[in-house]
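These are the residues of each chain, in order.
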Amino acid sequence: MGLKLDQLPACPVETTLTLIGNKWQVLILRDLGDKGTLRFKELQRSIGKISQKVLTTNLRAMEEAGIVHREVFAQVPPRVEYSLTELGQSLQPVLQAMSQWGENYKKSLRDS
């Protein structure tokens, strides 16, 4: 892992937001969690309106943090696959809670 403890904020919530604090990182986690191992283009299509540069930047940051695993296969053409590490998989309850909260919020808007 590239990050060191002294580089992270003291607050645990802020630490979590440092690691998955933008919508693209959350969507990467969602799709790798739901669909398992994906190639770059599969992940890009799955997420939707994300540029190659933004996806690459976020995947690299998440790989450095130990959340995403990148595997390169030595073949022609080269094949690269992305999956969640054990640490990344441990974030799934956080995403499930966010999903449930979002559903409840939409329901409360419909009901009002």
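The structure contained in this document is the topic of the report that follows. (Residues numbered from 1 in each chain as written. Predicted model: local features only at pLDDT ≥ 70, side-chain atom pairs only at ≥ 80, totals over all residues. Heavy atoms only, no water.)

**Structural notes on the packing of aromatic side chains**
How two aromatic rings sit relative to each other is set out by the distance from centre to centre and by the angle between their planes. One pass over the full model with this rule turns up two aromatic pairs. Positioned over the ring face of Trp 24 is Lys 23, at 4.6 Å from the centre of the ring. The lysine or arginine in question, Arg 79, covers the ring of Phe 73, its NZ or CZ lying 3.9 Å from the ring centre. (Phe/Tyr/Trp six-rings, centres within 6.5 Å; stacked < 30°, edge-to-face > 60°. Lys NZ or Arg CZ within 6 Å of the ring centre and 35° of its normal.)

**Comments concerning the sheet that holds strand β1 (residues 38-39)**
Spatially, β1-β3-β2 is the arrangement adopted by the three strands of the open sheet, whose pairing is antiparallel. Looking at which strands have only one partner, the edges of the open sheet turn out to be β1 and β2 (68-73). Relative to strand β3 (residues 79-84), β1 runs antiparallel, the two sharing two bridges. Paired with Leu 38 across the two strands is Tyr 82, which belongs to β3. (Pairing = 2+ DSSP bridges. Helix = DSSP H or I, 4+ residues; strand = E, 2+ residues; numbered from the N terminus.)

**Things to note about the packing of helix α3 (residues 40-47) against helix α4 (residues 52-64)**
Two elements in contact, α3 and α4, have axes whose closest approach is 11 Å; the angle formed by their N-to-C orientations is 110 degrees. Here α4 runs roughly perpendicular to α3, going by the angle between their axes. Counted together, Phe 40, Lys 41, Leu 43, Gln 44 and Ile 47 of α3 and Gln 52, Leu 55, Thr 56 and Leu 59 of α4 form the full contact between these two elements. (Axes fitted to C-alpha atoms, helices over the stretch in contact; angles between N-to-C directions. Parallel < 35°, antiparallel > 145°, perpendicular 65-115°, else oblique. Contact = heavy atoms within 4.5 Å.)

**Observations regarding the pattern of salt bridges**
Evaluated as defined, the whole model comprises four salt bridges. With a closest N to O distance of 2.6 Å, Asp 31 and Arg 30 form a salt bridge. Asp 31 gets classed as buried once you look at its relative accessible area, which sits at 2%. Across the pair Asp 111 and Lys 107 runs a salt bridge whose closest N-O atoms are separated by 2.7 Å. Here the residue Asp 111 and the residue Lys 107 both occupy positions in helix α6 (residues 92-111), the gap between them amounting to four residues, near one helical turn. Assessed through its relative accessible area of 54%, Asp 111 is described here as exposed. Relative accessible area serves as the criterion here: at 44%, Lys 107 is assigned to the partly exposed category. (Salt bridge = Lys/Arg side-chain N within 4 Å of Asp/Glu carboxyl O. Buried < 20%, exposed > 50% of the residue type's maximum accessible area, 1.4 Å probe, protein only.)

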